[in-house]
Amino acid sequence: MAQTKYTQIELLSAKGPVYRRVSTAPPRTPTEDEIPIIDLSPIDGTLEMQKELASRIRAAAKNTGFFYITNHGIPEELIQKALAQAKAFFGQSEEEKQRVSNREAGRAGGFQGVGSTQVNKTETRDHKETFSIRYNPVNDPTISDPQSLLLSGNPNNAYGKPDVIWKGTSHLQGFREVTIEFWQKRLELARKMVRLFALALDLPRDHFDSVITHPGADGVYIHYPGTPDIDTTNRNKDKGIDVGIGSHTDIQCVTLLWQDMSGGLQVLSADDEWLDARPIEGTLVVNIGDFLQRLSNNTFKSTVHRVYNRKSTSRYAMPFFLGFNPESVCEVVPTCIDQEHPALYEPISCGEWHHRRLALAEKNAAAA
Ligand SMILES: O=C(O)CCC(=O)C(=O)O
Ligand SMILES: [Fe+2]
């Protein structure tokens, strides 16, 4: 048998770059344990039912940190409507899309064009364009007095310029309504998932409730353009763009990802091999982010992943990233510490953590 070949990639951690060995072999199909499919039907059931569900989530979170969910409660019709809006948005001219650019909208989100980001400095620029909305209390149905949050004066609580986004997309019929409704449904699901994570960490179900009252919550549409003249050996290399999104871990707590049927999402196994996180109809992919790994003292895994769109057709994905309240300082949870396993991390807020990681990414990009 041919020997497995490896290469090295550089990843970002709060302390600086870390290096990781990765196989150069094509991705393989994961085993059922590596990326399990978890039926979320019991999520609104009794505490016993939720604990049973949480034990399955615990196993997945400790293993690869990636799993699929079925019966997640996000209506398929809403997903398809959001996808249609994403396609309508990205189908516009570059000039129209730039009207809602992230540079204008700031923390509210907005558009970032193809090749404008490079998630991993040891790979190429990212062959994708994105549109995002970030947490805003006016869109959160659980907040009765959004003005109090808007005026709280915490720099982490600045919500940017959502008006730029909604004005610049007002000609796309239904865009705002569908985009916000899809974001709200996923925020509701993500909050319920956080309760399951609390149970999965042997904590009371409401342990994290007070730190998800106005959490980081980014709803993103991603378009990975196809490559018409496909040359799999040297694709786009001359343009300096090859990977769809470079190897990375997600920064916050939990990601809920809808992906179309194109394929191309790869997840790094504990044995440094790429796994094909193939699309499965009717599911969302869930993965743990760095902040939850940190709070769980590395019990839960925030796993490296990347995307290649090797096809001639477009790939669309719609991730939702949940953090905790940006200013709430969180420490490693007590159930993940004992005499042999002291806390590996200092307390920090999710906002500060996010800020540090992004600052590091910028520094790295500038040095590249
Ligand atoms: O497009 C995908 O399937 C995943 C995107 C992703 O990993 C990210 O945006 O962090
Ligand atoms: Fe990601």
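Conventions and cut-offs
Residues numbered from 1 in each chain as written. Chains lettered and ligands numbered in written order. Predicted model: local features only at pLDDT ≥ 70, side-chain atom pairs only at ≥ 80, totals over all residues. Heavy atoms only, no water. Helix = DSSP H or I, 4+ residues; strand = E, 2+ residues; numbered from the N terminus. Buried < 20%, exposed > 50% of the residue type's maximum accessible area, 1.4 Å probe, protein only. Donors = N, O, S within 2.8 Å, 3.2 Å for Na, K, Ca; no water. Salt bridge = Lys/Arg side-chain N within 4 Å of Asp/Glu carboxyl O.

### Description of unusual backbone geometry
Next up, step 1: Within the chain, asparagine 71 stands out as a residue other than glycine whose phi angle is a positive 50 degrees.
Next up, step 2: Mapping asparagine 71 onto the fold places it in the loop between β4 (66–70) and α2 (76–90).
Next up, step 3: You will see that asparagine 297, though not glycine, has its phi angle at about 55 degrees, which is positive.
Next up, step 4: By secondary structure assignment, the location of asparagine 297 is in the loop between α8 (290–295) and β13 (305–307).
Next up, step 5: Overall, asparagine 297 belongs to the buried group, its relative accessible area being 9%.

### Observations regarding the coordination of the iron ion (ligand 2)
Next up, step 1: In the first shell of the iron ion (ligand 2), the protein supplies His248 (NE2), Asp250 (OD) and His305 (NE2), at 2.1 to 2.2 Å from the metal.
Next up, step 2: Sequence spacing of the donor residues for the iron ion (ligand 2), all on one chain, is H-x1-D-x54-H. One end of the pair, histidine 248, is in strand β8 (residues 245–248); the other, histidine 305, is in strand β13, with 57 residues separating them in the sequence. Note on accessibility: histidine 248 and histidine 305 belong to one class, buried.

### Overview of the pattern of salt bridges
Next up, step 1: Taken as a whole, this structure holds 16 salt bridges when the rule is applied.
Next up, step 2: Residues glutamate 352 and arginine 356 are paired through a salt bridge, measuring 3.2 Å at the closest nitrogen-oxygen approach. Within this pair, glutamate 352 and its partner arginine 356 are both found in helix α9 (residues 350–367), separated by four residues, close to a single helical turn.
Next up, step 3: Its relative accessible area of 31% is what places glutamate 352 among the partly exposed residues.

### Quick notes on the environment of alanine 88
Next up, step 1: Among the structural elements, alanine 88 can be located in helix α2.
Next up, step 2: Sequence spacing of alanine 88 and proline 279 is 191 residues, and the spatial spacing of their C-alpha atoms is 22 Å.

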